[in-house]
Amino acid sequence: MKKHDFASPDPRVQKGQLAKRVSILEAAAEVFCREGFSGAAIDEIAAEAGVSRQTIYNHYREKETLFMAVIQDIMDRANGVLFSILATFPETADNLEDELVAFAVRLNKNCICNQDAKFIQKLIATEGNRYPHLFQFWREQGPGKTDRALAALFARLAHSAPLDIDDFDLAARQFIALIKADLQMGGLFGEAPSEAELEVSAHKAVRTFLRAYGREQRTSSLEAQH
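Rules behind the numbers
Residues numbered from 1 in each chain as written. Predicted model: local features only at pLDDT ≥ 70, side-chain atom pairs only at ≥ 80, totals over all residues. Heavy atoms only, no water. pLDDT = per-residue confidence, 0-100. Helix = DSSP H or I, 4+ residues; strand = E, 2+ residues; numbered from the N terminus. Contact = heavy atoms within 4.5 Å. Axes fitted to C-alpha atoms, helices over the stretch in contact; angles between N-to-C directions. Parallel < 35°, antiparallel > 145°, perpendicular 65-115°, else oblique. Left-handed = near helix turned anticlockwise from the far one by under 90°. Nonpolar A, V, L, I, M, F, W, Y, C, P; charged D, E, K, R; others polar. Buried < 20%, exposed > 50% of the residue type's maximum accessible area, 1.4 Å probe, protein only. Polar contact = N/O pair within 3.5 Å; in protein donor to acceptor, adjacent residues only side chain to side chain.

On to the confidence of the model for the protein, then. For the protein, mean pLDDT is 84; residues scoring 70 or higher make up 85% of the total. Within the protein, helix H12 (residues 215-225) has the poorest average pLDDT of any element, 52, and helix H2 (residues 42-49) the best, 96. Within the model, pLDDT remains below 50 along residues 1-8, and this stretch shows zero contacts once partners closer than five positions in the same chain are excluded. A low-confidence stretch, residues 218-226 (pLDDT under 50), is modelled with four contacts involving residues beyond four sequence positions or located in other chains.

Here we come to the packing of helix H5 (residues 96-112) against helix H11 (residues 195-213). Direction vectors running N to C along H5 and H11 enclose 130°, while the axes themselves pass 8 Å from each other. Taken as axis vectors, H5 and H11 run oblique relative to one another. Judged by the sense of rotation from one axis to the other, the crossing of H5 with H11 is right-handed. Of H11, the residues touching H5 (which contributes Leu96, Glu97, Leu100, Val101, Ala104, Val105, Asn108 and Lys109) are Glu195, Leu198, Glu199, Ala202, His203, Val206, Arg207 and Leu210. Looking at the contact of H5 with H11 residue by residue, the classes come out as nine nonpolar, two polar and five charged.

Let us now look at the side chain of histidine 59. Locating histidine 59 in the fold gives a position in helix H3 (residues 53-59). Assessed through its relative accessible area of 16%, histidine 59 is described here as buried. Within the local environment of histidine 59, its side chain forms a polar contact with the side chain of arginine 21, the two groups lying 3.4 Å apart. When sequence neighbours within four positions are dropped, the list of residues in contact with histidine 59 reads Gln17, Lys20, Arg21 and Ile24.

Have a look at this one:
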């Protein structure tokens, strides 16, 4: 029986295909962010990526498939950064307030206020109501994954820290909401917070969080009422 020789894929071709995909995704992200999903045209994306319209259709069958690929690419990148930041969450009660403040600054700076987060926020604001199914993956793999991971970290921390938390999922969501509260308005206008603003926002958020969940603060507050 004659053996057939199967040629290995040319690495130069593979590299060229990968470069095209990256170029298409980057161009699509720019156009989707500028024009929204409904206003974005494949021809405009092709021109910005420096490829033909047919090349985009060869890689991505339709505009919705391309949009989902852009969201997937952003989430893969964002989750890589996110979990590197979550790995720095405090493990002990030593200097708890200061460590939570430092953690909040890192989380805001690298995950919540970065360019990818602004891109998603803008798209949700313009297209979320009309195309909710396009953002289902983001809800599950973005905020949903962050909240679950942070809840688990607070549950671990509560074993050694003076925290009184009944619902760790709720506490995680409230922590995220608090650290974003003072920065959301600027984010709507594309403004990047300064280091000082990040620090001040984090201090306010953590103090509010610990007043609600810190056992010592709650005990002191109750004693002062009697």
